[in-house]
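# Per-entry structural report
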Amino acid sequence: MSNSYNDSKQSTLASSDEYYVPAASGWPILGAVALFLIALGAGATVGDLLAGQGPWILLTGVGLILIMLTGWFRDVIIESMGGLYSTQMDRSFRQGMSWFIFSEVMFFGAFFGALFYIRMIAVPWLGGASNNAMTNIVLWPHFVADWPLVVTPDGTETQAMGPIGLPLYNTIILLTSSITLHVAHLALENNQRRRLSLFLLVTVLLGGVFVYLQAVEYIHAYRDLNLRLESGVYGNTFFMLTGFHGVHVTLGAILLFIVWCRVLKGHFTPQHHFAFQAGAWYWHFVDVVWLCLFVFVYIL
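Summary of the structure given here. (Residues numbered from 1 in each chain as written. Predicted model: local features only at pLDDT ≥ 70, side-chain atom pairs only at ≥ 80, totals over all residues. Heavy atoms only, no water.)

### Focus on the packing of helix 4 (residues 87-126) against helix 9 (residues 274-299)
Note the threshold: Lines fitted to C-alpha atoms define the axes here, with helix axes fitted over just the stretch in contact, and angles between the N-to-C directions of these axes take values from 0 to 180 degrees. Put simply, DSSP H or I for four residues or longer makes a helix, DSSP E for two residues or longer makes a strand, and each gets a number counted from the N terminus. In this scheme, roughly parallel covers angles under 35 degrees and roughly antiparallel covers those over 145, while 65 to 115 is roughly perpendicular and the rest are oblique. Gly falls in the polar group here, along with every residue not listed as nonpolar (Ala, Val, Leu, Ile, Met, Phe, Trp, Tyr, Cys, Pro) or charged (Asp, Glu, Lys, Arg).
Put simply, helix 4 and helix 9 touch, their axes get as near as 11 Å, and they point 10° apart. Classed by the angle they form, the pair helix 4 and helix 9 counts as roughly parallel. For the contact of helix 4 with helix 9, the per-class residue count stands at 18 nonpolar, two polar and four charged.

Shown next, in the form of structure tokens:
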């Protein structure tokens, strides 16, 4: 009777879905310090503060972020490959990634909301719309309330970045990368390892090409169009939206590169590959954001 009870109890424990609780980690603290240094360095660089040390502070923050990502990813990979995760942990990862992407939607939603307010409300008011006729007549009689705002009320002149050329090429590149990533996902589900590694590598390379072309676009904007971060509200919104998106593409490419390295090591199975799915979710989200940027920043 006792042996039967103990066998039944052990069987129940073996079949239960245990939840793994990792040991305390210092990576979140290091990440917080890195983000603070990045914000401080970026602000000091743009504002020419802290005796010109802004770029060094910014690079230090970026370096710490890379160290944090490397260490944290290493720990998670070791835990995953060690069989410590259960289906309950898998659900937690999915929920966490879903909420993270939702927060990113809200992040870019705020920037698109600011762009809408500037274009549809603020600029027309400066031009004398509604009950603000005296604003245009008295303060800026020669101001033209048109978008993109290539001439600011104080006379700063710039040129708009059109959709044809590098922006269009980058759009094609990102759309193609979503296709190659989807092909890689299908290959993983069908356990086609060589096809998986090839198309995933192509996706990462396309992401790198996108970032490179965006850097070329920024050089062209500064040198040839006088389009700068300080070139009025158009320059502000252009570089804030495209710049933050470029950072997200860079992070997404790093995530997919790590996943590709794991693929080469034989990680993931058709049944268990959430790390791949998380990177794919993030990449497709970044692609959708770019399509919105291409329409509302470059075309309209």
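Don't stop here, the text continues.
### Here we look at the nonpolar core
Stated formally: What is meant by a nonpolar core is a set of buried Ala, Val, Leu, Ile, Met, Phe, Trp, Tyr and Cys residues, joined one to another through side-chain atoms within 4.5 Å. A simple rule labels every residue: compare its accessible area, found with a 1.4 Å probe on the protein chains alone, to the largest value its type can have, and call it buried under 20%, exposed over 50%, or partly exposed in between.
Membership of the largest hydrophobic core comes to 51 residues, with the highest contact counts inside it found for Met 161, Leu 200, Leu 227, Phe 238 and Phe 276. Contributing elements (two or more residues each) for this core: helix 4, helix 6 (166-189), helix 7 (193-224), helix 8 (232-264) and helix 9. At 14 residues, the largest contribution of residues to this core is made by helix 9. Of all hydrophobic cores here, the second largest spans five residues; its members include Trp 27, Ala 34, Met 68 and Leu 69.

### Remarks on the packing of aromatic side chains
Under the convention used in this document: The criterion for an aromatic pair is that two Phe, Tyr or Trp rings (for Trp, the six-membered ring) have centres within 6.5 Å, with stacked assigned to planes under 30 degrees apart, edge-to-face to planes over 60 apart and tilted to the rest.
Overall, the coordinates contain 23 aromatic pairs when judged by the stated rule. The structure contains a cluster of three or more aromatic residues connected by ring pairs, namely Trp 147, Phe 210, Tyr 218, Tyr 222, Tyr 234, Phe 238, Phe 239, Trp 290, Phe 294 and Tyr 298.

### A look at unusual backbone geometry
Where the residue is not glycine, phi is negative for most of them; where a peptide bond is considered, it is trans in most cases. Residues Trp 147 and Pro 148 are joined by a peptide bond in cis, for which omega reads 5°. Inspection of the secondary structure assignment puts Pro 148 in the loop between helix 5 (133-139) and helix 6. At Asn 191, a position not held by glycine, the phi torsion is positive, near 60°. Position of Asn 191 relative to the elements: it lies in the loop between helix 6 and helix 7. Note on Asn 191: relative accessible area 46%, which makes it partly exposed. Positive phi, close to 55°, is recorded for Asn 226, a residue that is not glycine.

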